[in-house]
Amino acid sequence: MVNFKLNLVHKSGSTPCVRSGAKSGKTVPSLLTTIFLTVVMVWMGSARAVEQPLDLVAVPDVNELGLLDLTGPNAAGNWPRITRPNQQLTLQRVGKALFWDMQLGGDGIQACATCHYHAGADHRATNQMSPGLKAGDNVHDQLFANAKLTPAHFSSNNAAGQPVGRPSSEAALLGEGWSADDLDGTPGVPGSKADPAVDNNDVVSSQGVRLGTFHAVTANRVDTATLAESDPEGFDVTFTAPDVGIPHTVRRVEPRNTPSVLNAVFNFRNFHDGRADTFFNGVNPLGFRDPDARVKTYVGGSLVPEKLRIPFSSLASQAVGPPLSSFEMHWDARTFADLGAKMAGVQPLRGQEVSCKDSLLGAWAVRPCRGGVGIGLTGDYVTHIKAIFDQRFWGNGSGGDVCLDAGGDVTACGSPDRKYTLLEWNFPLFFGLAIQAYEATLVTEQTIVDVINGALVKGVLQNGVGVNRRLVNTAGLTLEECTLGLALGPLEADLDAAELRCANHYAKFIHPKAKSGSQAPFALLPVPANVNVGGCTPAPSCTIPSSRRTRAVNTLLNVDRGLGRFSAGATNCAECHFNPEFTGATISALTGFGAPPPLPPEPGEPPEPPEPPPAVAEKMFTFNGLVAVYDSGFYNLGVRPTAEDISLGEQIGGIPLSLSRLLEILAGGTPAPEHSLTQINKVGAEIASNGLKIPTSPSDLTPIAFVPSVACAPDLALDDLGNPLPPDQVVPCGPQPDPGDRILQNGAFKTPGLRNVKFTGPYLHNGSKSQLSQVVNFYETAGHFPTLNLNNLDAGMRAFGLGAADEASMFEMIETGLTDWRVAYQEDKFDHPEICIPNGHDPVSGRTRLVAIPATGKAGIALPLQTFDEQLRGVNNRANSLTKACDMPGIVDPVTKTSTIDVPPPPVP
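Asker: Help me understand the overall build of the protein chain in this model?
Answerer: Regarding its fold elements, the protein chain presents 19 helices and 27 strands. Dimensions along the principal axes, computed over C-alpha positions, put the protein chain at roughly 90 × 70 × 60 Å. Taking all 909 residues of the protein chain together, 61% fall into the buried category. Once local pairs closer than 6 in sequence are excluded, the contacts in the protein chain between residues at least 24 apart make up 68%. Carbon and sulfur atoms provide 56% of the accessible area of the protein chain, an area that totals close to 32,100 Å².

Structure (structure tokens):
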């Protein structure tokens, strides 16, 4: 479909008739334009499912929207006040500081950014392998702990000779006695393990901290703790001559690959399994699925528990998970109150360089700036938190502290029982909302795909002379609309000429330092790989240098063609990766909040059949031809056998992660033995009483009830030819599952967005692919385990093939067209402080090797980010190539370049 937003300036200068639409400036198309449209649709080969730029989707940021401080439209009196008025920017600054602060980890090294330093993700290759922990397997099969991944580890082929990345073979597991999933979705029974060279369940992920037991906080950045002498999860090694206090263990590695935090603000839920809920409860990731979660407030001279359900805050829910994970950031037994006690009074980013031109933190960088950087930030976290948050969460009403004992009861601040302050106890509330406020700014809305869909573009183009002269105001027009608006004369010839003229204009708005992708030489309009294909500044008055003008225009046209192939019926990638976010697991898709206005019907064509209303679940026909209910945006793709990691099929605290399964139990379905009907009924009572609220729209924050429901797929009422079925043959579908409905949950993972995916390898939830070509090959064969996973497999999986040129164009769209090149060059809001990250261990001493990610300012740097494949191949003339040793004082030994704080201080007797 083409969304008409034509703003034609006629030869007389008269203004055409305007009708309502996605943007102002819509016009009624003429008959000639309608003919042009028809030709273009045939010429393009298929309609696109992603036709609108990301900047048309309202960012569901409760901080910027004014929901937290009640400054937003109709917020006052309708929501609880969380922050003081007009503290949005300060909250973002505190969030960015906390995100990059190495003091946060129990070891004084591990920060949130340690696993999200690179386009929001992690591309390290040493000590990044985890055994199949989710399958109950703690034995490394392909690569042992502390080893380095190489291209050879991702060079396996399937039986047909197609590349699959890391070893994966359904035939091998069938030969070892593995059984298929049951019809009801129960995972099949695993057999024996196959030859690891043929198939193994190891996962490429992110290293965290060593296993240890927390004792107390310390003023010297490292918690006091005792390291474990061995690790039952399989992270033991033998060092040649370990330094005193270092056991034969290494930093543990997470059991799932690290997703990017860029654009994660759009996600309805976060984490691969969706356990980070859209409603933040201020305590833990579970949101409304923990009906007993309460923060403490001090009101009227007493502690009062307060139930929070802050909507559209899955980033906050996600943020409070890792600090209490013994795989990621802390020693066992540390509480969030302990972390609050450690962090509240420290200098933010102590010892870390911060650019004095950092887009958010530059104003707080400690002066004087030497070499353009300061060391750390001014002030401390406790001062900033008190300035931002409503006093009931941290103070006594007069600005003083409220002190608590170890159990969380009020005690005198001078009492020997004093353990925490109220601010320290409620630290997860402050931490989660601050991290979310920062991450919500990391939206990548300036890609070539966005330019093609009308973002950033401005200027007027002219075609024809005299009475035939036509001017097109390109502001907000898609590339196709520009072509149609400019075309005159013989249809095919003039469409080609008009498209080329528009492409030359639109290419100016490509980031000047954009690079072509790996498959660009094989696209319909060949461009050498990894060459500059950028536009110019200031567009549109500038001129692209002749040395790259053709490459820029060809890249634009290849990306446009690839976008069509991506959405075509043969591939149907947009079945799951749709909307400007390139995923259907979003707030706009599941609630309608912030969604761009619907596109009008094509001229002369009847309206499209209505899509199902926004809902958290959908009832549909599945891959095996049966009907099931599934959580929207979560799919079993056959990456690995279902039994190895049931993901969304898990439960926490007796409540299923799958909303479909939760709703089915509430409708009268039978809970599983691991479920708690008591807790489930508490959740059900809150839903039934309309206790969950979301804002009406970005322009009206009036709360409306959020009732999780099930949508009906249109094909439930159609026969095989797409004709309506008689009423008695229509598959019934109500707003809730029926008791006993088949629920598609086991082995289902959240659909990730694809923006900036060039730099977020390794790919898939188990990190089994090093290159995007391997991912596409995976989809072309309908996944790796279509037999074993048949009864849980997503209906959208299918075998397909594209011609070489079309496949290359689709690669170019994904690799180059979906990259926001500000991310690649760490510019603007994607700049950051310095951080030193662990990169495996010295094999002799056992100490952690640290590499530096230097601080950048908003102007960015000269080199683009390194891809994961380039890291494997040692292509080091890139940013973040992990070759720069850390030299942070107090953190690293200047001779060995290993950590000086690997051994935590012993507990005080």
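Now, onward.
Asker: Just to check I follow, could you spell out the sheet that holds strand β16 (residues 617-621) for this structure?
Answerer: Paired through their backbone hydrogen bonds, the strands of a sheet run either parallel or antiparallel. Spatial strand order, β23-β16-β17-β24: four strands in an open sheet with mixed pairing. Each edge of the sheet is formed by a strand with only one pairing partner; in this case those strands are β23 (710-712) and β24 (743-744). Both β16 and strand β17 (residues 627-631) contribute to a ladder of five bridges, which runs antiparallel. Bridging across to β17, M620 finds its partner in A628. Those strands touched by helix α14 (residues 659-666) are β16, β17 and β24, and its axis lies near 115 degrees from that of β17.

Asker: Sorry, what's going on with the packing of helix α2 (residues 88-100) against helix α6 (residues 381-388) here?
Answerer: What describes two packed helices is the angle between their axes and the distance between those same axes. For the pair α2 and α6, interaxial distance at closest approach is 10 Å and the crossing angle is 150 degrees. Taken together, α2 and α6 sit at an angle that is classed as roughly antiparallel. Relative to α6, the crossing made by α2 is left-handed. Counting all contacts with α2, which are made through T90, L91, V94, A97 and L98, the residues of α6 involved are Y381, H384 and I388.

Asker: Is there a simple way to explain unusual backbone geometry in this structure?
Answerer: Among all residues save glycine, negative phi is the norm, and among peptide bonds the norm is trans. Residue P368 is bonded to the preceding R367 through a cis peptide linkage, with omega at 5 degrees. With omega at 5 degrees, the peptide bond leading from G761 into P762 counts as cis. Relative to the assigned elements, P762 resides in the loop between β25 (749-750) and α16 (772-780). The backbone phi angle of N74 is positive, close to 65 degrees, even though this residue is not glycine. Topologically, N74 is positioned in the loop between α1 (31-44) and α2. In this structure N74 comes out as partly exposed when scored by relative accessible area, which is 45%. One non-glycine residue, S647, adopts positive backbone phi at about 55 degrees.

Asker: How should I be thinking about the environment of R251 in this particular structure?
Answerer: Summarising the element assignment, R251 is placed in the loop between β7 (224-227) and β8 (295-299). Considering only alpha carbons, one finds R251 and E176, 75 residues apart in sequence, at a separation of 32 Å. One polar contact links the side chain of R251 to the main-chain carbonyl oxygen of G208, over a distance of 2.8 Å.

Asker: How should I be thinking about the state of the cysteines in this particular structure?
Answerer: Linking two cysteines covalently through their sulfur atoms gives a disulfide. Across all of its chains, the model carries six disulfides by this definition. A sulfur-sulfur distance of 2.1 Å marks the disulfide that ties C482 to C502. Its S-S torsion of about -85 degrees marks the bond between C482 and C502 as left-handed, since a negative value means left-handed. With C482 in helix α10 (residues 479-486) and C502 in helix α11 (residues 491-506), this residue pair connects regions lying 20 residues apart in the sequence. Note on accessibility: C482 and C502 belong to one class, buried. Residue pairing for C536: its cysteine sulfur links by disulfide to C542, the two sulfurs lying 2.0 Å apart. Looking along the S-S bond of the C536-C542 disulfide, the torsion reads about 70 degrees, which is the right-handed sense. Each of the two residues, C536 as well as C542, counts as buried.

Asker: Could you clarify how one ought to interpret the environment of A574 in this entry?
Answerer: Tracing the sequence through the fold places A574 in the loop between α12 (546-567) and α13 (587-591). Along the primary structure A574 and T447 are separated by 127 residues, whereas in three dimensions their C-alpha atoms are 18 Å apart.

Asker: Would you mind going over the packing of aromatic side chains with me for this structure?
Answerer: Applying the stated criterion to the full structure yields 17 aromatic pairs. Taking 5.7 Å as the distance between ring centres and 70 degrees as the angle between the ring planes, the aromatic pair formed by F99 and W100 counts as edge-to-face. The residues F99 and W100 share a single accessibility class, namely buried. Through successive ring pairs, a cluster of aromatic residues spans F268, F279, F288 and F706.

Asker: Could you clarify how one ought to interpret the pattern of salt bridges in this entry?
Answerer: A pair can form between side chains of opposite charge whenever their charged atoms are brought close. Enumeration over the complete set of coordinates arrives at 40 salt bridges. As a salt-bridge pair, R275 and D273 come within 3.0 Å of each other at their nearest N and O atoms. One network of salt bridges, in which partners are shared, links K134, R256, D273, R275, D645 and E650.

Asker: Got a minute to help me understand the nonpolar core in this structure?
Answerer: Proteins that are soluble and globular tend to have nonpolar side chains buried together. Within the largest apolar cluster, 160 residues are counted, with the highest numbers of intra-cluster contacts made by L98, I310, F389, F431, F566, F582 and M813. When residues in this core are grouped by element, the largest group, nine residues, is from helix α8 (residues 427-439). Discounting chain neighbours no more than four positions away, the residues touching L98 are L104, C112, M343, Y381, F427, F431, A434 and I435. Core analysis: the next-biggest nonpolar cluster, separate from the first, contains 14 residues, M620, Y635, F778 and M797 among them.

Asker: Quick question: what am I supposed to make of the packing of α14 against helix α15 (residues 677-688) here?
Answerer: Running from N to C, α14 and α15 cross one another at 90 degrees; their axes reach a closest spacing of 10 Å. When the axes of α14 and α15 are compared, the pair comes out roughly perpendicular. Contacts between α14 and α15 involve L662, I665 and L666 from the first element and L677, I680, N681, V683, G684 and I687 from the second. Considering only residue class, the contact of α14 with α15 consists of seven nonpolar, two polar and no charged.

Asker: When you look at empty space enclosed by the protein in this model, what are you seeing that I'm missing?
Answerer: One simple way to see leftover space: roll a probe sized like a water molecule over the atoms. If you walk through the whole model with that rule in mind, you get ten cavities of 30 Å³ or more. The computed volume of the largest cavity comes to approximately 160 Å³. Looking at the largest cavity, it is lined by 19 residues, and the ones nearest its centre are W100, Y117, A119, G120 and F830. Tallied by class, the residues present in the lining of the largest cavity amount to eleven nonpolar, six polar and two charged.

Asker: Looking at this model, I keep getting lost on α8. Mind explaining?
Answerer: Each turn of an α-helix holds 3.6 residues, which means side chains three or four residues apart point in the same direction. With 13 residues, α8 should reach 18 Å at 1.5 Å per residue; the first-to-last C-alpha distance of 18 Å fits that figure. Most of α8 sits out of view: 13 of its 13 residues are buried.

Asker: When you look at the pairing of strand β26 (residues 835-841) in this model, what are you seeing that I'm missing?
Answerer: Remark: a regular strand shows side chains that alternate across the two faces of the sheet. Most of β26 sits inside the fold, with seven of its seven residues counted as buried. As paired elements, β26 and strand β27 (residues 848-853) share five bridges and run antiparallel to each other. Residue pairing in the sheet places I837 in a bridge with V851 of β27. Hairpin connection, β26 to β27: the antiparallel pair is bridged by six residues, and G846 has positive phi, about 85 degrees.

Asker: Just to check I follow, could you spell out α16 for this structure?
Answerer: In terms of burial, α16 is largely enclosed, as seven of its nine residues are buried. All buried positions along α16 are accounted for by L772, Q774, V775, V776, N777, F778 and E780. Those residues of α16 that are buried lie in contact with β4 (163-165) and α17 (804-817). Just downstream of α16 lies A782, where phi reads positive at about 60 degrees.

Cut-offs used in this document
Residues numbered from 1 in each chain as written. Predicted model: local features only at pLDDT ≥ 70, side-chain atom pairs only at ≥ 80, totals over all residues. Heavy atoms only, no water. Helix = DSSP H or I, 4+ residues; strand = E, 2+ residues; numbered from the N terminus. Buried < 20%, exposed > 50% of the residue type's maximum accessible area, 1.4 Å probe, protein only. Contact = heavy atoms within 4.5 Å. Areas by Shrake-Rupley, 256 points an atom, 1.4 Å probe, with all protein chains shown as cover. Pairing = 2+ DSSP bridges. Axes fitted to C-alpha atoms, helices over the stretch in contact; angles between N-to-C directions. Parallel < 35°, antiparallel > 145°, perpendicular 65-115°, else oblique. Left-handed = near helix turned anticlockwise from the far one by under 90°. Polar contact = N/O pair within 3.5 Å; in protein donor to acceptor, adjacent residues only side chain to side chain. Disulfide = S-S within 2.5 Å. Phe/Tyr/Trp six-rings, centres within 6.5 Å; stacked < 30°, edge-to-face > 60°. Salt bridge = Lys/Arg side-chain N within 4 Å of Asp/Glu carboxyl O. Core = buried A, V, L, I, M, F, W, Y, C linked by side-chain atoms within 4.5 Å. Nonpolar A, V, L, I, M, F, W, Y, C, P; charged D, E, K, R; others polar. 1 Å grid on protein atoms, 1.4 Å probe; cavity = no way out; pocket = protein on both sides within 12 Å on 5 of 7 lines; lining within 4 Å. Points joined across faces, edges and corners; volume = space filled by probe spheres on them. Expected span 1.5 Å × (residues − 1).

This is a description of form; function is not addressed.
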